[in-house]
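Structural description and commentary
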Amino acid sequence: MGETRLMSLTNLADADDDWAYLELLEDDDLERMRQWTGQACQDPGQRTLTQIRGMTRAEGLLYNRRRRDWLDAGPTWETSSVQQAMNDIGAVLGAGGDRGATDVPFVVGQPGVGKTMLVKRIAAEVMDEECLAQWAEEQRTPPTVTRAGRRKVRFRPVVYLDVRDQVSAIGLERAILDALGEITTGDTTAAVHRALQLHNVRLIVIDELQFIAFGSKMGQQIHNLLKGLTNQGVQLLLCGNDREWVLGHGGDEVSYRTTKRQSSGRWVEIPLEPLLYSDDPSAPSVDEWKNLLAEWEHRLRLADPGPEGWLHEYLADYAWVRTHGFHNALSLLVRQAARRAIDDGTERITRATFDRVVLQVEYEKHREHEVRQLDIGKYRFDVR
Ligand SMILES: Nc1ncnc2c1ncn2[C@@H]1O[C@H](COP(=O)(O)OP(=O)(O)OP(=O)(O)O)[C@@H](O)[C@H]1O
Ligand SMILES: [Mg+2]
């Protein structure tokens, strides 16, 4: 799982000359970029059992909080499906070239498969790149500044929208304006148009697309709004778990069908799938799953986690049976187990710790039967 340029930056705040361009970003965008690349939290460091037991109550409390935060705020591990999706999204976004942004990547996948983490990762990449491009541009043509030497307009290359509550077209426009810190009492469409130009917005990410009111008459307006945004040269990156709701049946009027056809003629579906596993230990999927577990194992800050490889070697089969290769389940499994190991003072995770963890309903449905099959050697990973 390769490190990208951004991921190798350990602390954006310590940016030296090579990173001077990041000063173009507002503090809140810089913070977003840190979060989206898993750098929002400082490593609390590894302590021995003796050191932990010698801590005062306050020191212990603080250390425990910091190592939980550290685990929660991890980076997007670049599994092959994440890499593939990143490449595909990059290709679609890149194909537009300057100011020709009509093609729209639409990331689709089951709940918990890692869509949000993926699109935030992309958003960070684009923010980084656009920032560098703007900086280079401004070396030649400096921007207008105030008397105090501050930029007149905030540079906001990327807007990330996490929409909720069956948002309408106007609601979506207001969400864009909100994200840019603009207020309007008048025509929202015109205000959005102005704001996007003013702040140099290049990419709008709309996550949780299933919350948008596509099912009703309003859906037609939303499709048109999205088309209007791309016509204006802003790139869109869409994300949701229900393709049918967004582009499928419903809203049978001819005019609405035509509008959906217009979107499906421009959107490119990028599927994101859970990780696979196999009965054949030499299969690439087994390697990949183990690598992912190793990343989690190395991220833990337990004093006595177990012998090297305790997770990726000895519990790999078990971890897959519990989670079916879904990131959200794996993340909960490891984080809950770590919390227990901290709370009970053992500082160690074993199969028994995992057994006590209750995962999301979806992964508990067949748990008992499947774990039993695994334990008696009858579980078949390849038959799914
Ligand atoms: N590539 C990844 N590397 C590390 N952890 C991941 C990755 N993808 C997802 N996760 C973990 O899984 C959790 C769920 O992922 P995410 O929120 O991206 O899923 P989603 O597909 O957007 O789900 P939903 O459809 O419910 O919105 C994250 O909070 C994170 O802990
Ligand atoms: Mg999500």
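Figured I'd write up the structure that's included with this text.

Reading the values: the criteria
- Residues numbered from 1 in each chain as written.
- Chains lettered and ligands numbered in written order.
- Predicted model: local features only at pLDDT ≥ 70, side-chain atom pairs only at ≥ 80, totals over all residues.
- Heavy atoms only, no water.
- Helix = DSSP H or I, 4+ residues; strand = E, 2+ residues; numbered from the N terminus.
- Buried < 20%, exposed > 50% of the residue type's maximum accessible area, 1.4 Å probe, protein only.
- 1 Å grid on protein atoms, 1.4 Å probe; cavity = no way out; pocket = protein on both sides within 12 Å on 5 of 7 lines; lining within 4 Å.
- Points joined across faces, edges and corners; volume = space filled by probe spheres on them.
- Nonpolar A, V, L, I, M, F, W, Y, C, P; charged D, E, K, R; others polar.
- Expected span 1.5 Å × (residues − 1).
- Contact = heavy atoms within 4.5 Å.
- Pairing = 2+ DSSP bridges.
- Axes fitted to C-alpha atoms, helices over the stretch in contact; angles between N-to-C directions.
- Polar contact = N/O pair within 3.5 Å; in protein donor to acceptor, adjacent residues only side chain to side chain.
- Arc of directions from axis to C-beta.

**Concerning the environment of G228**
- One can find G228 in helix α8 (residues 218-231).
- For G228, a relative accessible area of 33% translates into the label partly exposed.
- The sequence separation of G228 and T189 amounts to 39 residues, and the corresponding C-alpha distance is 9.5 Å.

**Some remarks on empty space enclosed by the protein**
- Going through the model one piece at a time under the given rule, you end up with one cavity of 30 Å³ or more.
- Taken as a whole, the largest cavity holds about 40 Å³ of empty space.
- Breaking the lining of the largest cavity down by element, the ones donating at least two residues are α8 and α10 (254-264).
- Considering each element in turn, the lining of the largest cavity owes the most residues, four residues, to α8.
- Residue composition of the lining of the largest cavity, grouped by class: four nonpolar, four polar and two charged.

**Section: helix α13 (residues 327-343)**
- Given a rise of 1.5 Å per residue, 17 residues ought to cover 24 Å, and the 24 Å separating the end C-alpha atoms of α13 matches this to within 8%.
- Burial in α13 covers these residues: H327, A329, L330, S331, L333, V334, A337, A338, A341 and I342.
- Elements in contact with the buried residues of α13: α3 (57-72), α11 (284-299), α12 (316-323), α14 (351-356) and α15 (361-364).
- Immediately beyond the C-terminal end of α13, within one or two residues, lies G345, with a positive phi of roughly 80°.

**Quick notes on the sheet that holds strand β1 (residues 104-108)**
- Taken in spatial order, the five strands line up as β2-β3-β4-β1-β5 in an open sheet, and their pairing is parallel. Each having just a single partner strand, β2 (158-162) and β5 (267-271) make up the two edges of the open sheet. This sheet shows a mean twist of 20° between the axes of neighbouring strands, independent of strand direction.
- In the sheet, strand β3 (residues 203-207) pairs with strand β4 (residues 235-240) via four bridges, with the strands oriented parallel. Bridge pairing in β4 links I204 to L236.
- Contacting β1, β3, β4 and β5, α8 crosses the sheet at an angle of about 145° to β4.

**Examining the environment of D344**
- With respect to the helices, strands and loops of the structure, D344 is situated in the loop between α13 and α14.
- Overall, the relative accessible area of 42% leaves D344 in the partly exposed class.
- One polar contact links D344 to T346, side chain to side chain, over a distance of 2.7 Å.

**Description of α3**
- For α3, with 16 residues, the first-to-last C-alpha span of 23 Å sits near the 22 Å given by 1.5 Å per residue.
- Taken residue by residue, α3 has G60, Y63, N64, R67, W70 and L71 as its buried positions. Burial along α3 is one-sided: seen end-on, the buried residues are contained in an arc of 125°. Structural note: α3 exposes A58, L62 and R65 on the side pointing more than 90 degrees away from its buried face.

It is worth stressing that arrangement in space is one thing and function is another; only the former is reported here.
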